[in-house]
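Examination of the molecular architecture
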Amino acid sequence: MALEGRVRGRQSPETIARFASLYRSACADLALADAYQLPRGTVHYLHQLVGRAHNQLYRSRMFNVSTWARQLLVDVPQRLFHDNALRLAFCIFWGVFILSGMLSYARPEFAQGMVGKEMMAQMEEMYSEPVEGRTSGMGAAMFGFYTFNNPGIGLRCFAMGLLFGVGGLLTTIHNAALLGGVFGHMATTPQSDNFYRFVTAHGPYELTAVVLSAAAGMRLGFSLLETHGLARMASLRRAADEAMPTMCAAIVMFVLAAMIEAFLSPSAAPYAVKAGVSVFSAGTLVFYFVILGYPREKSRATG
Amino acid sequence: MQSDAKQLDTQIEIVTPENIAFQYRVAGPFRRLPAYLIDLAVRAGVAAVAFGVLVFAFGMAGLASLGFGVWLTLAFLLTWFYGGVFETFYNGQTPGKRLMRIRVLSVDGRAVNALQATLRNVLRTVDGQPGLFYLLGLAVATMNDRFQRLGDLACGTMVVVEERQWYGDVVRVDDPRAIRLAAELPAGFQPSRSLARALATYVGRRENFSPSRRAQLARHLGVPLRHILDLPPETDFDRLLCALYHRTFITDQEEPPGSEPISPMVAFDKSAGGNPFASSTTETTEVVNEDLSEPRTEQPFGVR
């Protein structure tokens, strides 16, 4: 079928020229068939044919590496620097996190209500032995698990943001309260040392990625409420264009965190190395958000 | 914006940058659900096979953990990016969508880009809220004209039906009495355009009706036509319409085949005389078998 040929590989010039002329004729036929009120079957057939030819002519655009790199390294940080949704997500996440952590530290019954007895016992058992060298040889499997699990949580949080931002807000509060509860509770147990040694290295990337995905989702949801004079759907579409690259940045962070969590955190490396990685990753985040994101004269990102 | 174009039912009209207007039918839940289920099955199948292969192959090499890790990473990609990647690289179709003959397009009729394809599939989570069995997506889809779920609304996409049925050959009249009657009709009679259309519609569908229903339907045209054509009162209306159809579309068309292939343009010009769509369908079949290398100035539309 000349019209259908897989255009993935290059087609010969003859085929393309032939396609173009066939497409034009089909369009002309359709116009005439319409004008002459030909039977429905004919017109319907021509509509189908032109539609299919149109889809061959205008194919979906592929992933363009340089465009995406530019988005991730230039546009996203520039945009996030001014992003109120990110500020809100950041404040809510850390506010709830710290509050929940302190409450669980001070009142065991709060922690129990928040985290749940079962999970508390599980966590305590998990960190009952020093983590160093705990899962030697299991690194790759754990990496897979973290990659499967964590960005999934982030993506779900992002998607929930679409529900006018409320869904994302609730998911963020829930995540923050749960994490805070775990951190607060673990501090009261004898295993606290093991626990904090474990989470040090991958903490910065992972927690930032959680905040970032919540912020990207809220951007989607809030665009329905605050439209800047656009129709709601148009406003949502514009926000979606911006939110997706942000989400990609979050996924990259999740994957980095998963690598560290799987290979470094449970390894036998001395604590100084893990703390160093933690500081280094926090440094890259500052670089990303502040230095890359600092507003520049010529390419000032829009609100 | 395209969205304020008039839309009566599930047919939507698209005007391309070249100013070509054509129609699509938007796909409703009864096509999209099976497509989704097929994709779900494909995903599960791939994951299961990959699990077997990876864990077994790496297990043999003593690296079961690595195999498991690779599989989990793959499972993550399958869960979240299966649809997005397929719709990007296969022009708006996943395997399930291809089987169900539907395609994702932007609302303005252009192909989706990678961003739209990925986002609409990530946002599937909202439409298919756990515990709600896609009811949210379904509810949203019923509230707009194009069956867009939330993910579609957010990235400005829609799903259209892309049928590929071939338009069959011209319906032929094989009743000899009708053909005989056709020969008796006055030579000067030229059906008007709307009459020709009505004839074609009637003859195309008469097979589906019982003889008495045919008689009833044909009466409406038959009575005035019998009057105009001055036919005897016992003429069968159904046969009369068939005869007229035969005269209009079949007899006129069978010109000596030696004449140069009629391009639709020329055919329609001639049709002002009375034979509006004589050539289009035969052209289709003709070109289907035609040698591709043969140079032609005017290409007809039938392509295979």
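Every value quoted in this text rests on a predicted model; they were computed, and no experiment measured them.

Some words on the overall build of chain A
For chain A, the helix and strand inventory stands at 12 helices and zero strands. Mapped in sequence order, the helices and strands of chain A form the string α-α-α-α-α-α-α-α-α-α-α-α. Its C-alpha atoms give chain A a radius of gyration of 26 Å, more than 25% over the compact-globule value 19 Å for 303 residues. If one aligns the C-alpha atoms of chain A with their principal axes, the spans along those axes are about 85 × 45 × 45 Å. Accessible area of chain A: about 14300 Å², with a carbon and sulfur share of 65%. Seen as two clouds, the 25 positive and the 19 negative side-chain charges of chain A have centres 10 Å apart.

Focus on the side chain of S100 of chain A
Mapped onto the fold, S100 of chain A is located in helix α4 (residues 84-106). Not counting the four nearest positions on each side in its chain, S100 of chain A is found in contact with F110, M114, A177, G180 and G181 of chain A.

Some details on the domain arrangement of chain A
Segmentation of chain A into domains returns domain 1 (13-57) and domain 2 (68-291). Computed from C-alpha atoms alone, the centre-to-centre distance between domain 1 of chain A and domain 2 of chain A is 52 Å.

A look at the packing of helix α7 (residues 139-160) of chain A against helix α10 (residues 203-225) of chain A
Packed helix pairs are specified by the crossing angle of their axes together with the interaxial distance, meaning the distance between the axes. Residue and element names in this part refer to chain A. Where α7 meets α10, the closest approach of the two axes is 7 Å, and the angle between their N-to-C directions is 25°. When the axis of α7 is compared with that of α10, the two are roughly parallel. The way α7 lies across α10 gives a crossing that is right-handed. From α7, N150, G154, C157 and F158 reach across to α10, where they touch E206, S213, A214, A216, G217 and L220.

Observations regarding the environment of R247 of chain B
All names here are of chain B. Topologically, R247 is positioned in helix α11 (residues 237-251). For R247, a relative accessible area of 15% gives the class buried. Engagement of the side chain of R247 in a polar contact is seen with the backbone oxygen of P186, the distance being 3.3 Å.

Section: the pairing of strand β2 (residues 21-26) of chain B
All names here are of chain B. Covered by surrounding structure in β2 are F22, Y24 and V26 only, the residues A21, Q23 and R25 on the alternate face being uncovered. For strand β1 (residues 11-15) and β2, the ladder comprises five bridges, and the chain directions are antiparallel. Its bridge partner being in β2, E13 is matched across the sheet by Q23. Pairing between β2 and strand β4 (residues 157-161): two bridges, direction antiparallel. What sits directly across from R25, in β4, is V161.

Regarding helix α3 (residues 65-81) of chain A
Residues and elements named next belong to chain A. Relative to the 24 Å expected for 17 residues at 1.5 Å per residue, α3 spans 24 Å between its end C-alpha atoms, a close match to the ideal helical length. Bending of α3 peaks at approximately 40° at the position of Q71. Along α3, the residues that are buried comprise V76, P77, Q78, R79 and L80. Against the buried residues of α3 lie α4, α10, α11 (232-264) and α12 (271-291).

A word on the pattern of salt bridges
Residue and element names in this part refer to chain B. Inspection of the entire model under this criterion finds 13 salt bridges over all chains. Note that D238 is salt-bridged to R206, the shortest N-O span being 2.8 Å. Of the two residues, D238 sits in helix α11 while R206 sits in the loop between α9 (193-205) and α10 (211-229), which places them 32 residues apart along the sequence. Judged on exposure class, the residue D238 and its partner R206 are both buried.

Considerations on the nonpolar core
Formed by 74 residues in total, the largest nonpolar core has its most connected members in F158 and L220 of chain A together with L123 of chain B. The biggest single contributor to this core is α11 of chain A, with 16 residues.

Thresholds applied
Residues numbered from 1 in each chain as written. Chains lettered and ligands numbered in written order. Predicted model: local features only at pLDDT ≥ 70, side-chain atom pairs only at ≥ 80, totals over all residues. Heavy atoms only, no water. Helix = DSSP H or I, 4+ residues; strand = E, 2+ residues; numbered from the N terminus. Rg over C-alpha atoms; globule rule 2.2 N^0.38 Å. Areas by Shrake-Rupley, 256 points an atom, 1.4 Å probe, with all protein chains shown as cover. Lys, Arg positive; Asp, Glu negative; His and termini not counted. Charge placed at Lys NZ, Arg CZ, Asp CG, Glu CD. Contact = heavy atoms within 4.5 Å. Domains from an automatic or database assignment. Axes fitted to C-alpha atoms, helices over the stretch in contact; angles between N-to-C directions. Parallel < 35°, antiparallel > 145°, perpendicular 65-115°, else oblique. Left-handed = near helix turned anticlockwise from the far one by under 90°. Buried < 20%, exposed > 50% of the residue type's maximum accessible area, 1.4 Å probe, protein only. Polar contact = N/O pair within 3.5 Å; in protein donor to acceptor, adjacent residues only side chain to side chain. Pairing = 2+ DSSP bridges. Expected span 1.5 Å × (residues − 1). Bend = angle between axes of the 7 residues up to and from the residue. Salt bridge = Lys/Arg side-chain N within 4 Å of Asp/Glu carboxyl O. Core = buried A, V, L, I, M, F, W, Y, C linked by side-chain atoms within 4.5 Å.

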